[in-house]
Amino acid sequence: MKKRIFSAMLIAALICSVTGCAANKDTEDKSVTLTLMGKKSDLQKSYMTSIFNQYEAETGNKLDIIAYEDAEYETAAQEDFKNGNAPDIFLHFHNADLSRFDVSENFCYLNNEKWINDLTDGAKAYCQDKDGNILGLPFWENSVSGCYYNKTLLNSLGLKPAATQAEFNMLCQALADTGYTPICWPANGCSWMLQFGLDPVFADDPETLEKINNNEISYSDIPAVTDMIQWIADAADKGWFGENYLETGWEQISSEMASGQAVMTFIWDTWFYTDFEKDNKYSVDDFALMPIFLNTAENGTYEGGNLNMMMVNKNSDKKEEALDFLDFCATEKNYNKAFDGISTVNCFKGQNTNIQSDMVTEAEKSIKANERVSTAASRVVGYSADDMVAALDVLFRKKTDVKGCVKLMDEYRIQEAKANGADGF
Amino acid sequence: MKKWVGRLALLMLICIFGIAAILIGTIYFHFISQRIYEDSTGHLEEIYDQVNHSFGAFVERNWGLLEGWDKYIALADSNGDNTVSDFIQNEQKYWGFSDFYFIAANEDSMSVEGVKESIDLGEEWSRITEDKEPVMAGSTLSSGKDVTFFVIPTEHKAYKDFGYDAIAVSYTNADMASSLNVNAFSGNAKCFIIHSDGKILLSTMTGGNVYENYLVYLKAASDISAEHIDALRNDWEAGKSGLLYCTIGDVDYSILYQPVGYQDYILLSVVPQSVISAGFLSVQKTTTNVMIVLSMLIGAAVIVLLVMRYRKMSLKSRMELQYRERMFDVLSNSVDDIFIMLDAQKHSVDYLSPNIERLIGIPVEDARKDIRVLLNCVMNSDVVVPSSVLEAIPLQGSISRECEYMHQTTGERRGYRMTVYHMSIQDVRKYIFVMSDRTMELQMNKQLKEALTAARSANEAKSNFLSNMSHDIRTPMNAIVGFSVLLEKDADNPDKVREYTRKITASSHHLLSLINDVLDMSKIESGKTSLNVEAFSIPELLDELNIIIMPQAKAKMQKFKIHVQGVVHEQVIGDKLRLNQILINLLSNAIKYTPDSGEIDFTISELPQAAQQYATLRFAVKDNGIGMSEDFLEQVFSPFSREINSVTNKIQGTGLGMAITKNLVDLMGGIINVESQPEKGSTFTVELTFAIPEKDEGEAWYNSKVSRILVADDDEEICLDIRELMKDSGVTVAYSTEGAKAVDMAVKAHEEGKDYNVILLDLKMPGMDGVQTAQKLRERLGSGVPILVLTSYDWSDIEKEARQAGINAFMPKPFFVSTFWQTIKPLFSEEEARKKIDEEAAEKAMEGRLFLVAEDNEMNSEILTEVMAMEGAKCELAVNGQEAVSKFEASDVGHYDMILMDVQMPVMNGYDATRAIRASAHPEAKTIPIVAMTANTFAEDVRNAMDAGMNGHLAKPIDMKAVREMVIKLLGPSNKSDSNKQGDTK
């Protein structure tokens with residue numbers, strides 16, 4: 001089902017506008033066509049098409065876009081690399097599962113590119129491998145995952161946000177005492193919460209990450225994992241997730257938060273601009289951000305956004321032109337034009353045309369102190385968010401205890417790792 | 001009634017006592033609780049007074065220190081920067097504050113090390129600048145850390161060129177909280193320093209604080225009303241102390257507030273009420289527990305006494321009840337009537353007599369649980385009484401049903417008359433089922449019916465019997481009478497006389513056999529037949545059968561063959577006579593109903609042994625005769641049954657033979673089966689089990705002389721059968737299917753010096769027959785080796801020729817080991833040879849004997865006298881037992897050799913006469929042989945004769961061979977001459 005999108009008409013139009021349909025001979029001679037491979041839905045983002053158009057218009061070069069359906073992307077791309085059909089530029093969602101593509105053999109390390117210093121720390125972290133090599137240029141809408149709380153409601157209750165796990169516990173109990181649901185916990189199918197709690201466990205201790213990926217230890221051997229699950233079980237028992245958390249799913253988060261039924265939830269800032277219910281009791285302005293507390297980090301944690309990055313094929317005969325394309329994208333003028341009006345946290349320090357939420361801006365200091373790269377979901381071999389939800393569901397329904405839940409998490413993880421043919425499993 | 005009144009009064013007394021105890025306990029508990037709570041609250045206030053006091057001292061101390069340091073700094077400043085810095089650092093170490101600040105009028109500040117910091121003390125700053133008062137205020141530093149400042153105003157001075165109007169020390173909130181911590185409530189108390197508007201300056205909560213404004217929080221989270229919140233705010237603003245109770249979440253709290261005394265700060269203590277009382281709870285609990293235990297003990301003692309009394313009373317009444325129930329159970333158990341009482345509403349079982357398990361086989365418990373289990377046992381479902389019928393029975397009324405139940409364990413059926421009474425017992429309606437056992441009555445009726453049917457059948461059978469007998473007896477009788485008339489008429493014509501005599505004899509024999517059969521049948525059917533069990537030889541039996549049957553078969557030119565298959569046990573114990581009778585019946589029938597030149601095969605085989613002491617033999621008689629129809633097969637064993645067709649009509653028979661045979665087989669515990677097809681023949685199979693006698697060790701003698709034999713027979717199966725039969729004897733059997741080859745084998749063995757001990761030759765073989773083979777053998781081997789001829793034919797015709805050819809003896813087919821030993825015994829034993837000579841001499845045993853014959857029938861005595869005379873013996877006759885006794889007593893010693901005694905005689909029967917003779921004074925009374933001579937031939941007749949003192953039993957009609965054998969047995973060979981005795985004739 002390989003589908004190629006040739007933006008021939010668009011390119012032609014751009015060429016016309018830039019060259020007045022009278023491109024001279026030199027331009028024609030120097031122009032190159034770069035192949036760029038990505039997921040169909042990713043390539044259709046407005047800031048992506050904007051930067052592609054700018055590039056073609058300003059350089060006279062062409063981009064041959066190879067777009068795969070999302071579900072087929074990983075497999076089809078691997079096939080292309082195996083069969084010698086690798087593109088010049090390859091888009092991949094940060095560094096997750098890159099092991100399938102033999103990074104050192106196929107891609108350039110971009111450590112010395114001039115745009116490195118313009119990357120925000122959080123964005124840079126997402127594009128590094130475990131040895132600190134920069135693998136790609138992050139060019140994507142960014143977000144911050146944290147504990148978003150209803151500050152208006154909190155003020156009205158004479159309460160303030162928590163800065164420590166102990167304070168968060170206190171806050172949850174104080175909220176529960178007032179009759180509110182402290183945390184909106186969408187246990188019905190929503191799978192991202194646990195990875196926030198596990199990030200500190202693996203991001204703060206790379207040795208633990210290495211051991212679990214070598215199958216030398218399991219979750220059961222990591223006390224912090226059991227502590228987290230125990231906290232979640234206790235929170236559920238104390239009513240901190242409300243009464244109907246088992247039925248609460250993605251669809252219900254917005255209404256619970258906007259109505260004030262629930263005071264806090266673990267989510268990301270852009271959600272407020274894409275999915276948050278309008279015309280309800282509370283609006284975006286009523287919310288603020290504090291760290292996520294899941295009993296794995298005393299001062300809480302934030303998870304930075306999951307970014308798409310552009311990687312350059314090391315073996316391409318157009319490697320230099322591909323690197324130039326990345327330079328073009330990382331140029332302040334170009335990216336500001338591309339992200340103009342887009343709600344996102346900055347990836348580049350010079351980004352100023354995008355819309356960054358006040359919530360993130362207000363919590364900037366706290367984010368800087370406590371943000372972690374998405375480590376659990378992307379770097380723990382065999383990690384499956386859905387499996388984690390399944391294990392937790394068994395616990396919530398009292399069909400197992402905390403120990404049993406952690407054991408289940410391990411079983412699912414090892415099964416997944418085996419299914420993926422991971423080494424050591 | 002009186003008893004109930006007493007019980008009611010007692011119950012009321014207990015209730016009153018219980019209620020009083022509960023009331024007193026509750027009041028006491030309330031009183032104690034109240035007192036304890038008051039004490040606890042007092043204790044709380046006391047504790048927080050101390051906390052407030054120590055916090056005040058802490059505040060005062062800091063302000064005091066600042067005042068002292070201000071003076072010191074003012075003096076020391078001129079001495080250089082480091083002096084102040086060192087001093088402050090030393091003080092910091094000692095007093096534990098976080099930082100020391102110089103604060104300018106615009107709230108800019110600088111630490112003693114010169115680090116700038118912006119402080120926001122809010123409204124409190126005006127107290128310093130305007131009122132010149134020391135203050136305590138909270139602020140958040142640029143690092144985000146919440147701290148509390150203690151500030152005093154100073155003269156405007158400068159430190160390191162930084163102009164300041166106040167100096168301050170800061171404490172982190174955690175450090176501050178430690179000064180407020182109260183250990184008295186195990187860390188469960190929360191302590192706050194708040195502004196009068198509710199804003200929290202400090203909190204003692206572990207891990208921090210999320211309460212920003214406690215008044216707002218209380219409003220939102222507690223059950224305190226808005227009016228009370230306003231009142232509380234007023235109290236706080238007015239600097240009042242107080243205590244309030246509220247519930248936050250599910251927890252009850254005591255909140256104590258009291259002004260700190262500085263600015264408008266208030267010390268707020270929030271303690272769960274359960275914690276306040278915790279210290280006193282054990283006392284309360286102990287007291288309460290003691291009270292409860294005491295009450296319980298008293299109560300228990302009272303209850304025990306009451307229970308004991310009640311149990312004594314109820315035990316007595318229960319004993320009485322049990323006694324009555326037991327009595328009734330015993331009574332009902334000893335009768336065959338079942339009693340059931342059902343509650344008319346619930347249909348539950350109130351009473352069930354225990355004999356139900358014995359009579360119907362249903363466990364009592366099962367029936368008690370659900371009486372409907374009885375329905376499973378009812379044989380006639382039409383008598384089941386549905387609920388509607390039960391309910392229709394009027395009170396005091398009843399209904400009855402006859403029913404039959406089957407015992408669930410034994411399957412026995414019992415008849416009952418079930419009567420259901422509808423009664424009211426103590427105003428409760430009951431159904432009482434009385435099931436009266438009528439089994440005996442029903443059985444009796446049934447038996448009567450059966451007896452009636454049997455009587456009718458017997459009568460019918462008798463009529464049939466008489467009809468049949470009348471016909472069957474008349475037929476030969478007609479012939480006898482008719483030919484007797486003709487005999488008289490043609491007495492002068494010897495040919496006709498012989499012809500009539502022969503026919504009269506034949507008719508007489510038929511009549512005799514008919515009478516014998518009828519008597520046999522009658523005897524068997526009346527159960528009076530018993531078996532005379534003794535050891536006998538199968539080969540002998542077959543030999544006798546062969547002698548009887550072979551001539552009959554020969555007469556009809558039929559092939560009669562006897563086959564023996566695997567008969568290991570040739571000696572068995574059984575009634576040989578009856579077995580003989582069975583087999584003769586079967587074989588005679590086979591001959592009778594098989595046309596001329598037909599074939600009759602008689603096969604005897606031994607079945608696998610079921611037990612070591614028993615052998616089961618199968619006798620099969622197969623013919624290719626007229627066969628029987630399928631319908632007739634069903635009644636072939638019924639008396640007087642004969643298939644009626646053109647063939648059978650011409651064959652004489654009583655129709656009792658098969659019935660007798662079947663009855664005899666049944667009597668011997670055997671099985672008889674028949675398979676037959678019309679025009680194809682019949683096969684009768686009889687299987688009988690016999691006991692095996694102990695083995696005759698005498699055979700061992702022959703074993704030592706015979707170890708190798710040679711068999712020559714063209715039928716290899718016979719050769720192999722002989723080898724198999726001889727296997728156990730240790731004798732090696734070599735065989736050949738040709739005479740010539742047998743000669744070669746024998747010659748070879750002779751030349752090797754290993755002669756066969758015996759050579760067995762089949763008479764009829766293709767090529768060289770038995771006689772020719774024997775001749776050759778004698779030519780080559782001489783006379784040393786005994787040669788026997790094995791044949792199923794009568795060898796009398798060829799005996800002379802065979803003997804001349806060198807054959808030593810003949811052996812009948814089929815081959816039996818015992819017959820073989822018997823045959824070769826004389827050839828190896830001189831003693832046996834002598835015995836043979838004696839036997840020949842014994843044939844003359846009758847000569848010269850004198851018999852006293854007691855016989856009331858003149859014809860019989862005449863015949864006997866004549867026949868005896870032919871044997872050389874004489875008879876003296878007596879017409880009854882008395883005369884016989886008289887003649888014996890009057891005789892000389894040695895006069896009579898033997899007495900032949902008829903049993904049924906007038907005046908005195910044979911038994912009594914024998915007893916009289918044995919009891920007489922005659923010298924030979926005890927020794928004279930007396931032999932019964934009677935038509936009563938059954939085993940018990942023989943036993944009766946022996947019991948009466950007789951020595952033997954001869955069946956009528958008299959067979960001289962049997963008489964001779966009896967004489968030899970009792971008297972031995974005769975050495976008397978005819979002249980020795982004088983016989984009388986009547």
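Residues numbered from 1 in each chain as written. Chains lettered and ligands numbered in written order. Predicted model: local features only at pLDDT ≥ 70, side-chain atom pairs only at ≥ 80, totals over all residues.

1. Side note on the overall build of chain A
Part 1 of the argument: A tally of helices and strands in chain A yields 21 helices and twelve strands.
Part 2 of the argument: Relative to its full complement of 425 residues, chain A shows a buried share of 46%.
Part 3 of the argument: Sequence-distant contacts, at least 24 apart, represent 75% of the contacts inside chain A between residues at least 6 apart. (Helix = DSSP H or I, 4+ residues; strand = E, 2+ residues; numbered from the N terminus. Buried ≥ 20, exposed ≤ 12 C-beta atoms within 10 Å, placed from the backbone. Contact = placed C-beta atoms within 7 Å.)

2. Details of the overall build of chain B
Part 1 of the argument: The secondary structure content of chain B amounts to 29 helices and 33 strands.
Part 2 of the argument: The buried share among the 986 residues of chain B stands at 30%.

3. Examining the pairing of strand β25 (residues 732-736) of chain B
Residues and elements named next belong to chain B.
Part 1 of the argument: One ladder, built from five bridges, connects strand β24 (residues 708-712) with β25; its direction is parallel. Considered in β25, the bridge of R708 is made with T732.
Part 2 of the argument: A crossover connection joins β24 to the parallel β25 through helix α19 (residues 716-726); in handedness this β-α-β unit is right-handed. (Pairing = 2+ DSSP bridges. Right-handed = clockwise from strand over helix to strand, strands pointing away.)

4. Some points on the sheet that holds strand β2 (residues 108-111) of chain B
All names here are of chain B.
Part 1 of the argument: With respect to topology, six strands assemble into an open sheet ordered β3-β2-β1-β6-β5-β4, the strand pairing being antiparallel. Looking at strand neighbours, the two that pair on one side only are β3 (116-118) and β4 (135-140), the edges of this open sheet. Strand after strand, the sheet turns through a mean of 40° between neighbouring axes, direction not considered.
Part 2 of the argument: One ladder, built from three bridges, connects β2 with β3; its direction is antiparallel. Looking across to β3, one finds that D108 is bridged to S118. (Axes fitted to C-alpha atoms, helices over the stretch in contact; angles between N-to-C directions.)

5. What to know about the sheet that holds strand β29 (residues 850-854) of chain B
Hydrogen bonds along the backbone pair up the strands of a sheet, which may run parallel or antiparallel.
Residues and elements named next belong to chain B.
Part 1 of the argument: As summarised here, the arrangement of the five strands in space is β30-β29-β31-β32-β33, forming an open sheet in which the pairing is parallel. This sheet does not close on itself; its edge strands, each paired only once, are β30 (874-878) and β33 (952-955). Mean inter-strand twist for the sheet, computed between neighbouring axes without regard to direction, equals 25°.
Part 2 of the argument: Sheet topology note: the β29/strand β31 (residues 898-901) ladder contains four bridges and is parallel. Residue V853 lies in a different strand from β31, and its bridge partner there is L900.
Part 3 of the argument: In this fold helix α26 (residues 881-890) packs onto β29, β30 and β31, with an angle of close to 150° to the strand it touches most, β29.
Part 4 of the argument: Running at roughly 170° to β33, helix α29 (residues 960-971) makes contact with β31, β32 (930-934) and β33 of the sheet.

6. Comments concerning the interface of chain A and chain B
It is common to report an interface's size as the accessible area lost on association of the parts.
Part 1 of the argument: Tallying the contact residues gives 17 residues for chain A and 19 residues for chain B.
Part 2 of the argument: Take the side of chain A that touches chain B: its biggest share by element is seven residues, from helix α9 (residues 165-177) of chain A.

7. Here's the deal with the packing of helix α15 (residues 576-592) of chain B against helix α17 (residues 657-667) of chain B
Residues and elements named next belong to chain B.
Part 1 of the argument: Look at α15 against α17: their axes get within 10 Å of each other, and the N-to-C directions meet at 145°. The crossing of α15 and α17 is left-handed. Of the residues in α17, those touching α15 at R578, Q581, I582, N585, L586 and N589 are G657, I660, T661, L664 and V665.
Part 2 of the argument: Its residues assigned to classes, the contact of α15 with α17 comprises five nonpolar, five polar and one charged. (Left-handed = near helix turned anticlockwise from the far one by under 90°. Nonpolar A, V, L, I, M, F, W, Y, C, P; charged D, E, K, R; others polar.)

8. Looking at the nonpolar core
Part 1 of the argument: Counting residues in hydrophobic clusters, the biggest one holds 198 residues, and the most contacted among them are V151(B) and I167(B).
Part 2 of the argument: When residues of this core are assigned to domains, at least three fall in each of domain 1 (3-142 + 306-357) and domain 2 (144-304 + 381-419) of chain A.
Part 3 of the argument: Non-local contacts of V151(B), meaning those with residues more than four positions away in its chain, are made with I103(B), L121(B), I128(B), P134(B), V135(B), A137(B), A166(B) and A168(B).
Part 4 of the argument: Counting 39 residues, the second-largest nonpolar core is a separate cluster that includes A553(B), L586(B), F619(B) and V621(B). (Core = buried A, V, L, I, M, F, W, Y, C linked by C-beta atoms within 7 Å. Domains from an automatic or database assignment.)

9. What to know about unusual backbone geometry
Residues and elements named next belong to chain B.
Part 1 of the argument: Of the consecutive residues K813 and P814, the connecting peptide bond is found in the cis state with omega at 0°.
Part 2 of the argument: Here P814 lies in the loop between β28 (809-812) and α23 (817-828).
Part 3 of the argument: With a phi angle near 55°, K132 is a residue other than glycine that sits in the positive phi range.
Part 4 of the argument: Among the secondary structure elements, K132 is positioned in the loop between α3 (124-129) and β4.
Part 5 of the argument: Of note in this structure, Q396 is not a glycine but carries a positive phi near 70°.
Part 6 of the argument: Checked against the element boundaries, Q396 lands in the loop between α11 (387-392) and β14 (398-406).
Part 7 of the argument: A count of 9 C-beta atoms within 10 Å places Q396 in the exposed class.

10. Quick look at the packing of α26(B) against helix α27 (residues 910-919) of chain B
Any two packed helices are characterised by how steeply their axes cross, that is the angle between the axes, and by the distance between the axes.
Residue and element names in this part refer to chain B.
Part 1 of the argument: Interaxial distance between α26 and α27 falls to 8 Å at its minimum, and their mutual angle equals 20°. With respect to α27, the element α26 is oriented roughly parallel. Crossing geometry of α26 relative to α27 is assigned as right-handed. Every residue of α27 that contacts α26 at G881, Q882, A884, V885 and F888 is listed here: G910, D912, A913, A916 and I917.
Part 2 of the argument: By residue class, the composition of the contact of α26 with α27 is six nonpolar, three polar and one charged. (Parallel < 35°, antiparallel > 145°, perpendicular 65-115°, else oblique.)

11. Considering helix α13 (residues 250-259) of chain A
Part 1 of the argument: Within α13(A), burial applies to I253(A), E256(A), M257(A) and A258(A).
Part 2 of the argument: One or two residues past the end of α13(A) sits G260(A), with phi positive at roughly 85°.

12. Topic: the confidence of the model for chain B
Residue and element names in this part refer to chain B.
Part 1 of the argument: Across chain B, the average pLDDT comes to 82, with 89% of residues at or above 70.
Part 2 of the argument: A low-confidence stretch, residues 977-986 (pLDDT under 50), is modelled with 17 contacts involving residues beyond four sequence positions or located in other chains.
Part 3 of the argument: As a predicted assembly, this complex carries a pTM of 0.49 together with an ipTM value of 0.77. (pLDDT = per-residue confidence, 0-100.)

13. What to know about the environment of G411(B)
Part 1 of the argument: If you trace the backbone, G411(B) turns up in the loop between β14 and β15 (413-425).
Part 2 of the argument: Remark: the alpha-carbon pair of G411(B) and G361(B), spanning 50 residues in sequence, is separated by 8.9 Å.

14. A short note on the environment of A177(B)
Residues and elements named next belong to chain B.
Part 1 of the argument: Inspection of the secondary structure puts A177 in helix α4 (residues 173-180).
Part 2 of the argument: Owing to 21 C-beta atoms within 10 Å, A177 belongs among the buried residues under this scheme.
Part 3 of the argument: Distance from A177 to F55, taken between C-alpha atoms, is 10.0 Å for residues 122 residues apart in sequence.
Part 4 of the argument: Excluding its chain neighbours within four sequence positions, the residues that come into contact with A177 are L202, S203 and T204.

15. Some remarks on helix α5 (residues 214-221) of chain B
Part 1 of the argument: The buried fraction of α5(B) is high, at seven of eight residues.
Part 2 of the argument: Where α5(B) is concerned, the buried positions are Y214(B), L215(B), Y217(B), L218(B), K219(B), A220(B) and A221(B).

16. Looking at the pairing of strand β26 (residues 758-762) of chain B
Residues and elements named next belong to chain B.
Part 1 of the argument: A large share of β26 lies buried, amounting to five of its five residues.
Part 2 of the argument: Bridge count between β24 and β26: four bridges; the pairing is parallel. Note on β26: the bridge partner recorded for V711 is L760.
Part 3 of the argument: Summarising the sheet, β26 and strand β27 (residues 787-791) pair through four bridges and their orientation is parallel. Bridging across to β27, L760 finds its partner in L788.

17. Comments concerning the confidence of the model for chain A
Part 1 of the argument: Scored by pLDDT, chain A comes out at a mean of 88, with 92% of its residues at no less than 70.
Part 2 of the argument: Of the regions scoring below 50 in pLDDT, residues 1-28 of chain A engages in 23 contacts with residues more than four places distant in sequence or in other chains.

18. A short note on the environment of E540(B)
Residue and element names in this part refer to chain B.
Part 1 of the argument: Mapped onto the elements of the fold, E540 is located in helix α14 (residues 538-555).
Part 2 of the argument: Judged by local crowding, E540 falls into the partly exposed class, with 16 C-beta atoms found within 10 Å.
Part 3 of the argument: Taking C-alpha positions, E540 is 9.3 Å from E570, a pair spaced 30 residues apart along the chain.

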